Amino acid sequence: MDEFVNLKATELRLGLPGTNNVCEERVSCNSNNNKRALQADAENETETSPPRKTQIVGWPPVRSYRKNNVQTKKNESDGESQGIYVKVSMDGAPYLRKIDLSCYKGYSDLLKALELMFEFSVGEYSERDGYKGSDFVPTYEDKDGDWMLIGDVPWEMFECNCKRLRIMKGSEAKCLGSGV
Amino acid sequence: MDRAIKLQLSTSEMNYFPDEVIEHIFDFIPSHRDRNSISLVSKSWHKIERYSRHQVFIGNCYAISPERLIRRFPCLRSLTLKGKPHFADFNLVPHEWGGFLHPWIDALSKARVGLEELRLKRMVVSDESLELLSRSFVGFKSLVLVSCDGFTTDGLASIAANCRHLRELDLQENEIDDHRGQWLNCFPDSSTTLVSLNFACLKGETNLSALERLVARSPNLKSLKVNRAVPLDALTRLMSCAPQLVDLGVGCYENEAEPESFEKLMAAIKKCTLLRSLSGFSEVAPVCLTAFYPICENLTSLNLSYAAEIQGNHLIEFVQFCKRLQLLWILDSIGDKGLEIVASSCKELQELRVFPSDPHDEEDNNTAVTEIGLVAISAGCPKLHSILYFCKQMTNAALITVAKNCPNFIRFRLCILEPNKPDHITSQSLDEGFGAIVQACKGLRRLSVSGLLTDKVFLYIGMYAEQLEMLSIAFAGDTDKGMLYVLNGCKKLRKLEIRDSPFGNAALLADVGKYETMRSLWMSSCEVTLGGCKRLARNAPWLNVEIINENENGRMERNEEDEREKVDRLYLYRTVVGTRKDAPPCVTIL
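Cut-off values and rules
Residues numbered from 1 in each chain as written. Chains lettered and ligands numbered in written order. Predicted model: local features only at pLDDT ≥ 70, side-chain atom pairs only at ≥ 80, totals over all residues. Heavy atoms only, no water. Pairing = 2+ DSSP bridges. Helix = DSSP H or I, 4+ residues; strand = E, 2+ residues; numbered from the N terminus. Axes fitted to C-alpha atoms, helices over the stretch in contact; angles between N-to-C directions. Contact = heavy atoms within 4.5 Å. Patch = residues over 30% accessible without salt bridge, like charges linked within 9 Å, V, L, I, M, F, W, Y side chains within 5 Å. Areas by Shrake-Rupley, 256 points an atom, 1.4 Å probe, with all protein chains shown as cover. Salt bridge = Lys/Arg side-chain N within 4 Å of Asp/Glu carboxyl O. Lys, Arg positive; Asp, Glu negative; His and termini not counted. Charge placed at Lys NZ, Arg CZ, Asp CG, Glu CD. Buried < 20%, exposed > 50% of the residue type's maximum accessible area, 1.4 Å probe, protein only. Phe/Tyr/Trp six-rings, centres within 6.5 Å; stacked < 30°, edge-to-face > 60°. Core = buried A, V, L, I, M, F, W, Y, C linked by side-chain atoms within 4.5 Å. pLDDT = per-residue confidence, 0-100. Domains from an automatic or database assignment. Parallel < 35°, antiparallel > 145°, perpendicular 65-115°, else oblique. Nonpolar A, V, L, I, M, F, W, Y, C, P; charged D, E, K, R; others polar.

(A) Representation of the sheet that holds strand 7 (residues 164-169) of chain A. Residue and element names in this part refer to chain A. Strand order across the open sheet formed by five strands is 2-1-7-5-6, with mixed pairing between neighbours. Taken across any chain shown, the strands that pair with only one partner, and hence form the sheet edges, are strand 2 (97-100) and strand 6 (147-149). Neighbouring strand axes in the sheet, compared pairwise and without regard to direction, differ in orientation by 35 degrees on average. Packing against the sheet, helix 4 (residues 107-118) makes contact with strand 1 (85-90), strand 2, strand 5 (136-141) and strand 7, and its axis sits at approximately 155 degrees to strand 2.

In structure tokens:
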């Protein structure tokens, strides 16, 4: 209910201050439900309200299955991308997990989340030496099928190229972490 | 009715024929409505018709009970059932509302009905029901599920494993919990009868080798629609062992197909000379559509409405060569220019659906379709009879032109994305435009209206839409008169669904008997009150009057006096079996 009131308060309209939206009386069925968006009244044509993008329940009438399955390709420049789900395995763990890379802003965000998820901690990263100070090394498989150390390439490139993650442990990890 | 019946025989004369002969004559009459009419002619015809009826269509699963169905039609072989009301597709009906399959399977199983085909729409189906189905009906051949939910791939595994004569498994737009099991493996090696397999809506991984083996041993397979998890090289192998395919649904392609795999795919496609129908392409790079150029001239049906990644110009390049196209489902990214090209290329077009690629106008793009595209299609495609068109703007002039160009519309559904939007040139309501449509299209059976509309459009609909069976109204009208024009005028109306329109008790209660001639009425966010609904329920005991509450947690907690309270969602339907017992707490049946 409060949400509805605030929407009204911040609504941009070309109207005299203090004038009410006449359509509320005309189409009174909208008056007591906070789910429905306000609609521009045809009688107030002289006011050109900017198109409101508040979403009405069940409108437009597109089947939910269709809405969920038509993934529009958004511009790369938007910075927004669809959910990038990749598997995450950890040496010694009984089962894998899956995460959405697009939820993370960068490497530190991602690594923090992984540390929480698998209850471990990754060492300190340096470009020269990889991860030092921990038995665990975060790696990923890229599109060419190679296992790479997480953190070397820019985040956006990583997002595009990462097929799955693996948190290596032990001697194998030590080889990768220290000398590459 | 078949000419055999139109011979000048009175029923008493016909009764000198043995029942088998009369039954044989009835075999020529497949239409449900005609069969219903035959059964009313006389007692003996009723009896003969009953026992010879193999196909039954039930448009509302709560209108009748399974027991009564079986009593009347014991020789039932094919059953179609529909559950939730249409607006359930748009999240307006709570998930647990009803439409459960299980009581039907249970009853059919117990009565040992020889069920062979089951078609369901908007029903809740459980794995248990599917398991019971698979074990109860030895000759079961065909399962078609559209917009259903409640089951998992485990249920599919039962069907695969136990239905020895399965010909058709068609899953359209269902919400299926994918357990990533091995359901495809459950088809026994002896299973070779498949004609149609559609699992496009499954979200999980697919056992590709099981699928390939299944397709290889199904020489009668005509229709195959795979899900996203079937990549390009697997598709190539599948098509290579099924060149007889008529209908293909494509899954997911890699973003850049290597030239070699692309060549192989094209070679496989070339061999599919019987291919007439194409769909899928949900994650497909445009270049992969070009692999189908060799057979595009043969296509009669093309559904690219999930192909969001194929840009308008690629779509146009492909579609313009599909000269034999009768059905086209596409996204509005094709644009008006694209539709103009469709209009000049696809002269056989009968059904067009243009879906919004950006339903909530988040991207504010200008490539969506407008009235220009609609007019072009109407001018170029003389055989067009069904249209579903999502657009941002419309004009009366355009609709009047469309009506003149295409008087043969059977289905006309126009959805202007912004509610209450007027004619964008004259700023008037769209009453005249829709009025022209109903006046010109004498055979119109289904209509959806949108944009700014007053009571006048309903006056026109009531006056002219004599064959109208289904009408969908949203954000339209001014007073009760609007709804009354429709109820009084449209004699053949079966389904009326209304949302966010100012129709109230006066319209609802004016002619209670009308609802006996209709399947159902839906009204949400209108002006009807609890008191009005109660009065209706009292005066029409043969109706189920359901109130669906916003507060899904409890029954209506309003006190009895509050009859002036507006009802959020009303759904009423005729029924011969009274109040249903399976309604959830959020539904009150008056």
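(B) How the structure looks around a negative patch on the surface. Residues and elements named next belong to chain B. Taken together, the side chains of Asp19, Glu20, Glu23 and Asp27 present a region of like negative charge at the surface. Locating Asp27 in the fold gives a position in the loop between helix 3 (19-26) and helix 4 (32-39). Classification of Asp27 as partly exposed rests on a relative accessible area of 48%.

(C) Seen up close, the packing of aromatic side chains. This structure, assessed with the given rule, holds 26 aromatic pairs over all chains. Ring centres of A:Trp59 and B:Phe475 lie 5.3 Å apart, and the angle between their planes is 85 degrees; on these two criteria the pair is classed as edge-to-face. Pair noted here: A:Trp59 is in the loop between helix 2 (23-26) and helix 3 (64-69) and B:Phe475 is in the loop between strand 18 (470-474) and helix 20 (480-489), and the two residues belong to different chains. Here the two residues A:Trp59 and B:Phe475 agree in accessibility, since each one is buried. Here B:Phe281 and B:Phe292 contribute two aromatic rings whose centre-to-centre distance is 5.6 Å and whose plane-to-plane angle is 75 degrees, an arrangement assigned as edge-to-face. Separated by 11 residues along the polypeptide, B:Phe281 in strand 11 (residues 277-283) and B:Phe292 in the loop between helix 13 (286-289) and strand 12 (301-303) bring together distant segments of the chain.

(D) Structural view of the nonpolar core. In this structure, B:Leu197, B:Phe292, B:Phe412, B:Ile461 and B:Leu508 are the most contacted members of the largest nonpolar core, which totals 196 residues. In this view, B:Leu197 contacts B:Leu169, B:Trp183, B:Leu184, B:Leu211, B:Leu214, B:Leu221, B:Ser223, B:Leu224 and B:Lys225; residues no more than four positions away in its chain are not counted.

(E) Region of the structure containing the confidence of the model for chain A. Residues and elements named next belong to chain A. Summary statistics for chain A give a mean pLDDT of 69 and a share of 57% for residues scoring 70 or more. Residue range residues 1-5 is modelled with pLDDT below 50. Its contacts to residues more than four positions away, or to other chains, number four contacts. Ignoring residues within four places in sequence, the model shows residues 18-52, a span with pLDDT below 50, making 61 contacts including any to other chains.

(F) Structural detail: the domain arrangement of chain B. Taken as a whole, chain B is organised into domain 1 (18-53) and domain 2 (504-589). One C-alpha centre belongs to domain 1 of chain B, the other to domain 2 of chain B, and the line joining them spans 36 Å.

(G) Representation of the packing of helix 8 (residues 127-136) of chain B against helix 9 (residues 153-162) of chain B within the structure. All names here are of chain B. With their axes 8 Å apart at the nearest point, helix 8 and helix 9 run at an angle of 5 degrees to one another. In terms of orientation, helix 8 lies roughly parallel with respect to helix 9. The residues of helix 9 that touch helix 8, namely those facing Asp127, Leu130, Glu131, Leu133, Ser134 and Arg135, are Asp154, Gly155, Leu156, Ser158, Ile159 and Asn162. For the contact of helix 8 with helix 9, the per-class residue count stands at four nonpolar, four polar and four charged.

(H) Region of the structure containing the pattern of salt bridges. Tallied over the full model, the rule gives 28 salt bridges over all chains. Put simply, B:Glu173 and A:Arg63 hold a salt bridge, and the shortest N to O gap is 2.6 Å. On the criterion of chain membership, the pair formed by B:Glu173 in the loop between strand 6 (168-172) and strand 7 (175-177) and A:Arg63 in the loop between helix 2 and helix 3 is interchain, its members lying in two chains. For B:Glu173, a relative accessible area of 16% corresponds to the buried category. B:Glu348 is paired through a salt bridge with B:Lys383; the nearest N and O atoms lie 2.8 Å apart. Here the residue B:Glu348 occupies a position in the loop between helix 15 (335-345) and strand 14 (351-355), and B:Lys383 occupies one in the loop between helix 16 (371-380) and strand 15 (386-391), the gap between them amounting to 35 residues. The exposure class assigned to B:Glu348 is partly exposed, which follows from its relative accessible area of 31%. The class for B:Lys383 is partly exposed, based on a relative accessible area of 42%. What you see here is one network of salt bridges that share partners, running through A:Arg63, A:Arg66, B:Asp89, B:Arg122 and B:Glu173.

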